[in-house]
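Residue-level structural notes
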Amino acid sequence: MTKICSRRLSCAAGVVGSAAVLVVAAGTSAFAASGSASGTGVSAGASWSWSGCCTINNISQSVSDTKGDSHAVYTFVRVYTGLNPNGDDVATLRDDQGHGSTVTRSGRYWEASSNINGVRVIACVDDAGKDTCYKGSYIDNPNT
């Protein structure tokens, strides 16, 4: 069996080489999810909707600078797929407005070319040299 996902957010399963395709998830429900990550100097959160096997929609994010240390902060969503089990970093949001500030954004989406297995929120401090990052919990895709 192969699993096919289209931009219309439906998935179909079919036998390779067969002319017939059985639509098994055209009515797949969108499931809402959220995650967060925080550490010294940074706090971040995100929410999104799972849409079938291969898309996350309506990504809303926020990142806050919680320490007055002159270092910007940023967040992103790490998406773990069948093709990249180590994750792809998408939807980066940066806050360089200083201590006590919060930056938000919504309405982004990300579509994978294979199943999205799960997602986690990452929050980072833009340090000199290697940045300090904090990982949130792994959130499973209920559609895969």
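To be clear, the structure that these remarks concern was listed above.
Thresholds, definitions, all that
- Residues numbered from 1 in each chain as written.
- Predicted model: local features only at pLDDT ≥ 70, side-chain atom pairs only at ≥ 80, totals over all residues.
- Heavy atoms only, no water.
- Helix = DSSP H or I, 4+ residues; strand = E, 2+ residues; numbered from the N terminus.
- Buried < 20%, exposed > 50% of the residue type's maximum accessible area, 1.4 Å probe, protein only.
- Contact = heavy atoms within 4.5 Å.
- Areas by Shrake-Rupley, 256 points an atom, 1.4 Å probe, with all protein chains shown as cover.
- Pairing = 2+ DSSP bridges.

Things to note about the overall build of the protein chain
- For the protein chain, the count of helices and strands is zero helices and 12 strands.
- Listed N to C, the secondary structure of the protein chain is β-β-β-β-β-β-β-β-β-β-β-β in terms of helices and strands.
- Here the protein chain holds 144 residues, and 42% of them are scored as buried.
- Counting only contacts in the protein chain whose residues sit at least 6 apart along the sequence, the fraction spanning at least 24 positions is 54%.
- Looking at the protein chain as shown, the accessible area adds up to about 7500 Å², and 48% of this sits on carbon and sulfur atoms.

Here's the deal with the side chain of asparagine 143
- Structurally, the position occupied by asparagine 143 is in the segment after β12 (139–140).
- Accessibility expressed as a relative area gives 15% for asparagine 143, which makes it buried.

Section: the environment of aspartate 127
- With respect to the helices and strands, aspartate 127 occurs in the loop between β10 (116–125) and β11 (132–135).
- Put simply, aspartate 127 and serine 70 are 57 residues apart on the chain and 9.4 Å apart in space, counted from C-alpha to C-alpha.

Overview of the pairing of strand β8 (residues 88–95)
- Sheet topology places strand β7 (residues 73–81) next to β8; six bridges connect them, and they run antiparallel. The residue bridging tyrosine 74 from the neighbouring strand is arginine 94, located in β8.
- Once β7 ends, the chain turns through six residues before running back antiparallel as β8, passing glycine 87 with a positive phi of about 100 degrees.

The analysis is restricted to geometry; functional conclusions fall outside its scope.
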